[in-house]
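# Architecture and fold: a report
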Amino acid sequence: MANDKKLQDNFDRVLTQQLRNATPYIADAGFSEAVMQRLPQLNKASNFGVGLSVVGGLLAAVICIYALPALVAPVVFWANSLNLVGLIHLGLWSLVSILGAVVAWLSRQLDWF
């Protein structure tokens with residue numbers, strides 16, 4: 001374990017020295033500049049859309065937080081009313097759903113239908 005740490009430290013030291021001694025620019029005959037020129041320019045409309053998306057997402061999150069107790073209460077009531085038979089039914093339906101999803105996925109992967 002100590003040997004691995006020493007080896008890692010030596011490797012880090014070598015990489016650090018190589019990065020410090022490397023030249024900051026690699027000649028590419030103008031390739032990088034050509035790529036940068038072809039990139040789309042940012043405009044104010046796209047920035048407005050991003051801001052609107054962020055505000056909309058935050059608004060949706062706040063609404064969900066306020067609506068959460070109303071959504072959780074029926075689930076808690078249902079969970080409290082479960083008995084052993086209900087849990088077995090829930091497990092069986094879950095198993096059937098999972099197996100159905102696996103069969104659907106396999107049928108797509110193997111082109112059965």
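The numbers attached to residues start from 1 for each chain and follow its sequence in the written order. For this predicted model, a pLDDT threshold of at least 70 governs which residues receive local features, and a threshold of 80 or more governs which side-chain atom pairs are given and counted, while totals over whole chains, interfaces and linings are taken from all residues. By convention in this description, side-chain values take in all heavy atoms of the structure and omit both hydrogens and water.

### Observations concerning the overall build of the chain
- Runs of H or I in DSSP of at least four residues are treated as helices and runs of E of at least two as strands, each being numbered from the N terminus. Looking only at helices and strands, the chain has four helices and zero strands in total.
- Along the chain, from the amino end to the carboxyl end, the secondary structure elements read α-α-α-α.
- Every radius of gyration here is taken over C-alpha atoms, with the globule rule written as 2.2 Å times N^0.38, N being the number of residues. Relative to the globule expectation of 13 Å for 113 residues, the C-alpha radius of gyration of the chain, 29 Å, shows a markedly less compact shape.
- In terms of overall dimensions, the chain has C-alpha extents of about 70 × 55 × 40 Å along its principal axes.
- Expressed as a percentage of its 113 residues, the buried residues of the chain come to 1%. Relative accessible area decides the class of each residue, using a 1.4 Å probe on protein chains only: under 20% of the type maximum gives buried, over 50% gives exposed, and in between gives partly exposed.

### Some thoughts on a nonpolar patch on the surface
- A residue counts toward a patch only above 30% relative accessible area and without a salt bridge, and it is joined to like-charged neighbours within 9 Å or, for Val, Leu, Ile, Met, Phe, Trp and Tyr, to nonpolar neighbours within 5 Å. Method for areas: the Shrake-Rupley scheme with a 1.4 Å probe, in which residue coverage is limited to the protein chains shown. Any carboxyl oxygen of Asp or Glu that lies within 4 Å of a side-chain nitrogen of Lys or Arg is treated as forming a salt bridge with it. Together, I98, V102, V103, W105, L106, L110 and W112 make up a nonpolar patch on the protein surface, roughly 710 Å² of accessible area in all.
- Locating W112 in the fold gives a position in the segment after α4 (84-109).
- For W112, a relative accessible area of 51% corresponds to the exposed category.

### A few points about the environment of F48
- Structurally, F48 can be placed in helix α3 (residues 44-80).
- Residue class for F48 comes out exposed when judged on its relative accessible area of 57%.
- Considering only alpha carbons, one finds F48 and L90, 42 residues apart in sequence, at a separation of 47 Å.

### Quick look at α4
- Here, expected helix span is obtained from the residue count minus one, scaled by 1.5 Å. The end-to-end C-alpha distance of α4, which contains 26 residues, comes to 37 Å, matching closely the 38 Å that a straight helix rising 1.5 Å per residue would cover.
- Positive backbone phi, at 55°, marks D111, one or two positions downstream of α4.

### Brief notes about the confidence of the model for the chain
- On a range of 0 to 100, pLDDT expresses the predictor's confidence in each residue. The share of residues in the chain with pLDDT of 70 or more is 90%, and the mean pLDDT across the chain is 84.
- For the chain, per-element mean pLDDT is lowest for helix α1 (residues 2-21), which scores 78, and highest for α4, which scores 92.

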